[in-house]
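# Fold and geometry: a report
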Amino acid sequence: GMLASGLIDIVIEDTLKAYDYMALIPVIEGAGGVVTDKYNQDISLDSKGSIIATANPELHKEVVRVFTND
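What counts, and at which threshold
In this convention, every chain numbers its residues from 1, walking through the sequence in written order. Residues qualify for local features only when their pLDDT is at least 70, as the model is predicted, and side-chain atom pairs are given and counted only at 80 or more; totals for whole chains, interfaces and linings, by contrast, use all residues. As a rule here, side-chain values cover all heavy atoms of the structure and leave hydrogens and water aside. Numbering of helices and strands runs from the N terminus; a helix is a DSSP stretch of H or I covering at least four residues, while a strand is a stretch of E covering at least two. Radius of gyration means the value over C-alpha atoms here, while the globule rule gives 2.2 Å times the residue count to the 0.38 power. The contact rule is simple, with two residues in contact once any of their heavy atoms fall within 4.5 Å. All accessible areas in this document rest on Shrake-Rupley with a 1.4 Å probe, and a residue is counted as covered only by the protein chains that are shown. We score Asp and Glu as negative and Lys and Arg as positive, and we do not count His or the chain ends. In plain terms, the charge of a residue is placed at NZ if it is Lys, CZ if Arg, CG if Asp and CD if Glu. Strands are treated as partners if at least two bridges between them are detected by DSSP. To define axes, lines are fitted to C-alpha atoms, for helices over the stretch in contact only, and angles between the resulting N-to-C directions are given on a 0 to 180 degree scale. Salt bridges, as used here, are contacts in which a Lys or Arg side-chain nitrogen is within 4 Å of a carboxyl oxygen on Asp or Glu. In this scheme, a residue with accessible area under 20% of its type's maximum is buried, one over 50% is exposed, and one in between is partly exposed, where area comes from a 1.4 Å probe on protein chains only.

## Notes on the overall build of the chain
When you go through the chain residue by residue, the secondary structure sums to three helices and three strands. Tracing the chain from N to C terminus, the helices and strands come up as β-α-α-β-β-α. In terms of C-alpha radius of gyration, the chain reaches 11 Å, essentially the compact-globule figure of 11 Å for 70 residues. Judged by the C-alpha coordinates and their principal axes, the chain covers about 30 × 25 × 15 Å. Looking at the chain alone, contacts between residues at least 24 apart form 49% of all its contacts between residues at least 6 apart. Surface summary for the chain: the accessible area is close to 4,600 Å², and the carbon and sulfur share equals 55%. In the chain, which carries 5 positive and 11 negative side-chain charges, the distance between the mean positions of the two groups comes to 6 Å.

## Here we look at the sheet that holds strand 1 (residues 10-13)
With respect to topology, three strands assemble into an open sheet ordered 1-3-2, the strand pairing being antiparallel. At either end of the open sheet lies a strand with only one pairing partner, and these are strand 1 and strand 2 (34-36). Between one strand and the next, the sheet's axes are offset by a mean angle of 5°, whatever the strand orientation. Of the strand pairs in this sheet, strand 2 and strand 3 (residues 51-54) are connected by three bridges, and their pairing is antiparallel. In the sheet register, Val34 faces strand 3, and the bridge partner there is Thr54. Taken strand by strand, helix 3 (residues 57-68) contacts strand 1, strand 2 and strand 3, and its axis lies near 145° from that of strand 3.

## Some details on the pattern of salt bridges
For the structure shown, the criterion picks out two salt bridges. We note a salt bridge from Asp14 to Lys38, for which the minimum N-O separation is 3.8 Å. Taken together, the residues Asp14 in the loop between strand 1 and helix 1 (18-21) and Lys38 in the loop between strand 2 and strand 3 connect sequence positions 24 residues apart. Look at Asp14 and you get partly exposed, because its relative accessible area is 41%. One salt bridge connects Arg65 with Glu62, and the closest N-O pair in it is separated by 2.5 Å. Of this pair, Arg65 and Glu62 both sit in helix 3, three residues apart, which is roughly one turn of that helix.

Here it is in structure tokens:
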């Protein structure tokens, strides 16, 4: 919620359950943000609980690059 409202720019979480994040994905994306797992894959019910959510696509590319050491 804080990301979608513009209060923060990055959220990185691990070991979450689907009910912790699935409902927030459309809210974040609707506000212009991007949400993937730590491997930069789309989130699904089969995701393993890792989340990288950012305020915009450009920031997301940079965070994923740093996070994955690419």
